[in-house]
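Reading the structure
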Amino acid sequence: MLERIRGMQAGLRRSEQKIAEVVLKRPHSVVNASVAEVAREAQVSQPTVVRFCRSIGCAGFQDFKLRLAQDLATGTPYVHEEVRPDDPVVDVAAKVLNRSIASLTRVRNHTNPEALEQAVSILTAAQRMEFYGFGASGVVAMDAQNKFFRLGIPCVAYTDFHVQAMSATLLGPNAAALVISHTGRTRELLRSVDLALDSGAKVVALTSGGSPLAEKATVSLLVDVVEDTSMYTPMVSRLAHLAMLDVLQVAVALRKGVNLAESLARSKRPIRERRLTQRG
């Protein structure tokens, strides 16, 4: 929660930024404070405090305090160790892997069960799925297609805006679009989401809390991880999105009653047939 607030702080209203500053400075005090006390310390109105809570992805003030208390009590601290040019390779490996492990743990601890349930229901009911993303998120979208087509669901991934936009207009009420973006602020991607919604399709988003994409989607699975701005390190949001796709695919398979092992075995059989046999 603290990392989410820190990451979103610059994009909040000025009055909400005052609340963010109070929370980041004294999170333990805020957990035990009333909405009136927080408003007084931040020198804002009580409705502004509630609006701040909703802006960062919480249902209200009590929901915000509960999540903050859980983070302070049991949250896994984010492991941030900057890689340096003079680091031994073994240290580079440890730092990169520690970041990945911490980020996946964060996603596990903070996934909203209600949103996850709703997303699985939407994807289970969909007669067609499309996956949208650009850049690193486009790679995740293609991986989603590779996962879900094995369940016998017609699906395709689009990483080109023009094709996305044209296809989104044709989706219809029996389809679903799964849209992936860490920032959730790419204009072209948001346009595709609007077109998909206008066609009657439902949109499931993998994105950060408080982003325009999270606000537009039918349901949003908030994957709040802290990206390292170092040019040397890969985006950990990519790993978090891939992990959430695994969760969704397995859950949809179980919900549909698909025999996952049998389905995967059938899909892999043609690949195994093309491999050379091992020598005895």
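Look a little higher up for the structure.
An account of the accompanying structure is given in this report. (Residues numbered from 1 in each chain as written. Predicted model: local features only at pLDDT ≥ 70, side-chain atom pairs only at ≥ 80, totals over all residues. Heavy atoms only, no water.)

Within the chain, the secondary structure is distributed over 14 helices and 5 strands. Counting the 280 residues in the chain, one finds 44% classified as buried. Look at the contacts in the chain between residues 6 or more apart in sequence, and 69% of them connect residues 24 or more apart. Accessible area for the chain stands at about 14,800 Å²; split by element, carbon and sulfur atoms hold 54% of it. (Helix = DSSP H or I, 4+ residues; strand = E, 2+ residues; numbered from the N terminus. Buried < 20%, exposed > 50% of the residue type's maximum accessible area, 1.4 Å probe, protein only. Contact = heavy atoms within 4.5 Å. Areas by Shrake-Rupley, 256 points an atom, 1.4 Å probe, with all protein chains shown as cover.)

For the rest of this paragraph, the subject is the packing of aromatic side chains. For the coordinates displayed, the defined rule picks out 3 aromatic pairs. Aromatic pair phenylalanine 61 and phenylalanine 64: ring centres 6.5 Å apart, planes at 40°, arrangement tilted. Taken as a pair, phenylalanine 61 and phenylalanine 64 lie in helix 6 (residues 61–74) at a separation of 3 residues, close to a single helical turn. Per residue, the accessibility class of phenylalanine 61 equals that of phenylalanine 64, and both read buried. (Phe/Tyr/Trp six-rings, centres within 6.5 Å; stacked < 30°, edge-to-face > 60°.)

With that settled, the discussion passes to the pattern of salt bridges. All chains considered together, the criterion is met by 11 salt bridges. One salt bridge connects glutamate 41 with arginine 26, and the closest N-O pair in it is separated by 2.3 Å. Within this pair, whereas glutamate 41 is found in helix 4 (residues 35–42), its partner arginine 26 is found in the loop between helix 2 (14–25) and helix 3 (27–31), the two being separated by 15 residues in sequence. Overall, glutamate 41 belongs to the partly exposed group, its relative accessible area being 39%. Among the residues examined, arginine 26 registers a relative accessible area of 36% and is labelled partly exposed. Lysine 147 is paired through a salt bridge with aspartate 143; the nearest N and O atoms lie 2.0 Å apart. Highlighted residues: lysine 147 and aspartate 143, both in helix 9 (residues 136–148), separated by 4 residues, approximately one helical turn. The structure contains a network of salt bridges with shared partners spanning Arg13, Glu16 and Arg51. (Salt bridge = Lys/Arg side-chain N within 4 Å of Asp/Glu carboxyl O.)

Looking now at the layout of surface pockets. Of the pockets and cavities examined, the largest pocket occupies roughly 650 Å³. Going through the elements one at a time, helix 5 (46–55), helix 6, helix 7 (89–110), helix 8 (113–125), helix 12 (212–216) and strand 5 (219–222) are the ones with two or more residues in the lining of the largest pocket. Examining the composition of the lining of the largest pocket, we find that 5 residues originate from one element, helix 6, more than from any other. Each residue belonging to the lining of the largest pocket can be placed in one class, and the counts come to 7 nonpolar, 12 polar and 7 charged. Put simply, the second largest pocket is a space of about 430 Å³. Along its surface, the second largest pocket is lined by 20 residues, and Arg4, Gly7, Met8, His182 and Ser208 are the ones closest to its centre. For the lining of the second largest pocket, the elements supplying multiple residues, two or more each, are helix 1 (2–8) and helix 7. If one sorts the elements of the lining of the second largest pocket by residue count, helix 1 sits on top with 5 residues. Broken down by class, the residue content of the lining of the second largest pocket amounts to 4 nonpolar, 9 polar and 7 charged. (1 Å grid on protein atoms, 1.4 Å probe; cavity = no way out; pocket = protein on both sides within 12 Å on 5 of 7 lines; lining within 4 Å. Points joined across faces, edges and corners; volume = space filled by probe spheres on them. Nonpolar A, V, L, I, M, F, W, Y, C, P; charged D, E, K, R; others polar.)

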